[in-house]
Each structure stands twice: as C-alpha cells, then as structure tokens.
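Structural description and commentary
Spelled out from the first residue to the last, the chains are:
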Amino acid sequence: MRSLTLVALLAIPAQVAFAQQPAAGAPGSSLTLEDAITTAHRNNAQFLQIRNAVRTSESTVRQAYSALLPSSSVSFNTLYQQGGTQFFQGVALGGGNADSRQSSYRLNLNYNVSGAALFAPRSARASRDAAEADVNSQAEALRAQITNQYITTLQQQAQAALQDTLVQTAAGQLELAQARMKVGAGTILDVRTAEVAV
C-alpha cells in the first residue's frame, strides 16, 4: 500500500508538467514552413488523388505480368455404384451383382501468349512511371504554392507590425504636440495635424 501511494504521488507532478507543455498545433505556437508543407501533403485532396493513381498503376503492372502466366486446372471425379437389385416406384429392376468403382483425374495446363500480352508489362510500367512523375510534379507545385502563401503571410504580419509601430509613433507625436501646446511652444494646428496622423 505504501509503494502504491508513493507511485501515485510521483505520477501527479509528471502529469502536471506534461499538461503544461504547449501542443504542436496549439494557438501561440508558430507553424514552420516544413510543417505547413507536410500538412498540405497529408491533407490536400487533389494531391492524395494523384498519389492514389500510383497504386492503381502498380496493380496494373502486376496484372500485366500475371497475363504472362499459364493457366491450369485440376479435376478429380470418383463414382461408386453398389451392386444388387434396385427398386424404382416399387418395381424391382435387375442390376448387376458386382459393385462398381470409377475414378477419373484431369490436369489441364494452358499457355496463350499474344503480342499485346507481351508488350502490356512495358506499357504498364511506363504508365506507372508517368503516375509517379505526376506525383512528384504535384508535390513540387503544392510545395511552391504553400511556400508562396507562407511568405505572403509573413509579409502581412510584418506589415501589420510596421503599421502598429507607425500608430505608436503617431501617438507619441500627438502627446509631444499636446505637451508643446501646454507650455506655449506649439500651436493648435500642430496638435490637429498630429491627431490626423493617428
């Protein structure tokens, strides 16, 4: 009981410390360019659709190779007939007295190859390579788009910070103009000009 209490007391500070750590996507944490690109690759529907085309192309390649394999079938049949008299709707039919056993086995192996089947794997591989190139192209286009949006956002944030600084400077100029007017070193025109700047 004593060790259980000790473990519980040690676990509580660990939970509190873990809960105080900011989450990766929590407000206030900054999103890096690589995080934004990774998120776009994971969630962009058009990119995921193009990437899914690679899987379809890979299955087409496997199907083209499977067309080159031979086809085979195996069958086994056995028949047993007991000898003696057989009755059909109450009438006795004569039959043989000996038991009869028959069995048959069959193994078929077919191999058909056409020119289309021979060239299908090459065509399927080329289609798969084209699908992979489409994925790479779309990934780079998405990367460029996200990078442009990220840079635009940073520029807008910098512009907002600059505007905040300019407002603070204009407010300081207004206070200075009001102070000058109180001591008689400024005019009401200076104060009004400073108010317009704010």
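Residues numbered from 1 in each chain as written. Predicted model: local features only at pLDDT ≥ 70, side-chain atom pairs only at ≥ 80, totals over all residues. Heavy atoms only, no water.

This paragraph deals with the overall build of the protein. In terms of regular secondary structure, the protein is built from five helices and four strands. Burial status across the protein gives 12% buried among its 198 residues. (Helix = DSSP H or I, 4+ residues; strand = E, 2+ residues; numbered from the N terminus. Buried < 20%, exposed > 50% of the residue type's maximum accessible area, 1.4 Å probe, protein only.)

On to the packing of helix α4 (residues 115–183) against helix α5 (residues 188–197). Put simply, α4 and α5 touch, their axes get as near as 8 Å, and they point 165° apart. The angle between α4 and α5 places the two elements in the roughly antiparallel class. The crossing of α4 and α5 is left-handed. On α5, the residues that touch A170, Q173, L174, A177, Q178 and M181 of α4 are I188, D190, V191, A194, E195 and A197. Grouping the amino acids of the contact of α4 with α5 by side-chain chemistry returns eight nonpolar, two polar and two charged. (Axes fitted to C-alpha atoms, helices over the stretch in contact; angles between N-to-C directions. Parallel < 35°, antiparallel > 145°, perpendicular 65-115°, else oblique. Left-handed = near helix turned anticlockwise from the far one by under 90°. Contact = heavy atoms within 4.5 Å. Nonpolar A, V, L, I, M, F, W, Y, C, P; charged D, E, K, R; others polar.)

Counting ten residues, the largest nonpolar core consists of A36, I37, A40, F47, V54, A131, V135, A139, L142 and I146. Elements supplying a minimum of two residues to this core: α2 (33–43), α3 (45–66) and α4. In this view, A131 contacts A53, V54 and S57; residues no more than four positions away in its chain are not counted. (Core = buried A, V, L, I, M, F, W, Y, C linked by side-chain atoms within 4.5 Å.)

This paragraph deals with the confidence of the model for the protein. For the protein, per-residue confidence averages 82 on the pLDDT scale, and 83% of positions sit at 70 or higher. Taken together, the stretch residues 6–14 has pLDDT below 50 and engages in zero contacts with residues farther than four places along the chain or on a different chain. Under a pLDDT of 50 for its full length, residues 16–20 has, in the predicted model, zero contacts with residues more than four places off or in other chains. (pLDDT = per-residue confidence, 0-100.)

Let us now look at the side chain of S57. Inspection of the secondary structure puts S57 in helix α3. Relative accessible area serves as the criterion here: at 13%, S57 is assigned to the buried category.

As for its position among the elements, Q178 is in helix α4. Considering only alpha carbons, one finds Q178 and A194, 16 residues apart in sequence, at a separation of 8.9 Å.

A few words on a nonpolar patch on the surface. Together, Y111, V113, L118 and F119 make up a nonpolar patch on the protein surface, roughly 430 Å² of accessible area in all. Here V113 lies in the loop between β4 (100–110) and α4. We classify V113 as partly exposed; its relative accessible area is 38%. (Patch = residues over 30% accessible without salt bridge, like charges linked within 9 Å, V, L, I, M, F, W, Y side chains within 5 Å. Areas by Shrake-Rupley, 256 points an atom, 1.4 Å probe, with all protein chains shown as cover. Salt bridge = Lys/Arg side-chain N within 4 Å of Asp/Glu carboxyl O.)

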